Amino acid sequence: RATKVATNNQDSRRDSMSFCPQSASLTIVLAGAQLLSHNTSLRMHDAKTSKLKATWFKRIEALMLTNLEIYDRWKTSARFPLIVEEVYATPEANCLDVEAVTAGCKPIIDALVRTRFIPDDSVEFIAQPIGYTFRQRPHGLILRLKPAPKPWGAISDVAMEAAKAIPALP
């Protein structure tokens, strides 16, 4: 399965990206992209993991090089931290759960860092990934990088206050 997904993810001919200056957001369309489940990724041999990461790096690098004008406009107006919306239209009979979508996007986020779309994947630059999936043909992945409203993304202030009030151990 991992080899099939890595091979299928090499085709970047229909990939695109667009920039919205009003929202300072970048939308990346990875047409035909496929994600691996988190469980499959955990069971993979390091060599297969490296191949998948290399595939995503080359695909994101090609996307950047074929869309340099859009990339440059976004880079000059990017505001961090970001919320990364990850919407996966899957061709599979069973959808991944939303946590698996986020986990499956990790090598893509790493490729975005390596190609300098994003300086780093720390909380200073990515406040929150938000994954969603549904069944559809044609399939693919949409990533939307948008400025987070707060350093903790879309998490409520109430939840953050509760987290900050966790009592210390005696």
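Residues numbered from 1 in each chain as written. Predicted model: local features only at pLDDT ≥ 70, side-chain atom pairs only at ≥ 80, totals over all residues. Heavy atoms only, no water.

Visitor: Before we go on, may I ask you to explain the nonpolar core in this structure?
Guide: In summary, soluble globular proteins display a tendency toward joint burial of nonpolar side chains. If you look at the biggest cluster of nonpolar residues, it comprises 38 residues, and the most contacted ones within it are Ile28, Leu30, Ile108, Phe117, Ile118, Leu141 and Leu143. Per-element tally for this core: the top contributor is helix H3 (residues 46–66), with 6 residues. Beyond its immediate chain neighbours, meaning those up to four positions away, Ile118 contacts Phe80, Leu82, Leu112, Val113, Phe125, Ile126 and Leu145. (Core = buried A, V, L, I, M, F, W, Y, C linked by side-chain atoms within 4.5 Å. Buried < 20%, exposed > 50% of the residue type's maximum accessible area, 1.4 Å probe, protein only. Helix = DSSP H or I, 4+ residues; strand = E, 2+ residues; numbered from the N terminus. Contact = heavy atoms within 4.5 Å.)

Visitor: Hey, could you run me through unusual backbone geometry in this one?
Guide: Peptide bonds are trans in most cases, and residues, glycine excluded, mostly fall at negative phi. Residue Pro81 is bonded to the preceding Phe80 through a cis peptide linkage, with omega at 0 degrees. Relative to the helices and strands, Pro81 is located in the loop between helix H4 (68–77) and strand S3 (82–90). The omega torsion across Arg137 and Pro138 is 0 degrees, close enough to zero to call that bond cis. As for its placement among the helices and strands, Pro138 is situated in the loop between strand S4 (126–135) and strand S5 (140–147). A positive phi angle, close to 55 degrees, is found at Ala24, a residue other than glycine. Here Ala24 is to be found in the loop between strand S1 (16–20) and strand S2 (25–31). Despite not being glycine, Arg116 shows a phi value in the positive range, around 70 degrees. With respect to the helices, strands and loops of the structure, Arg116 is situated in the loop between helix H6 (106–114) and S4.

Visitor: Any chance you could explain the state of the cysteines here in plain terms?
Guide: By definition, a disulfide links the sulfur atoms of two cysteine residues through a covalent bond. All told, the structure shown has 0 disulfides when counted by the stated rule. Of the cysteine sulfurs around Cys95, a residue in no disulfide, the closest is that of Cys105, at 14 Å. Cys95 sits in the partly exposed class, given a relative accessible area of 38%. (Disulfide = S-S within 2.5 Å.)

Visitor: Can you walk me through the side chain of Ser25 in this structure?
Guide: With respect to the helices, strands and loops of the structure, Ser25 is situated in strand S2. On the accessibility criterion, Ser25 (3% relative accessible area) is buried. At a separation of 3.4 Å, a polar atom in the side chain of Ser25 contacts the side chain of Arg144. With residues up to four places along the chain from it excluded, the contact list for Ser25 reads Ser18, Phe19, Cys20, Trp74, Arg144, Leu145 and Lys146. (Polar contact = N/O pair within 3.5 Å; in protein donor to acceptor, adjacent residues only side chain to side chain.)

Visitor: How should the environment of Glu61 be read in this particular structure?
Guide: Position of Glu61 relative to the elements: it lies in helix H3. Here Glu61 falls in the partly exposed class, since its relative accessible area comes to 31%. Sequence separation between Glu61 and Phe117 is 56 residues; the distance between their C-alpha atoms is 9.6 Å.

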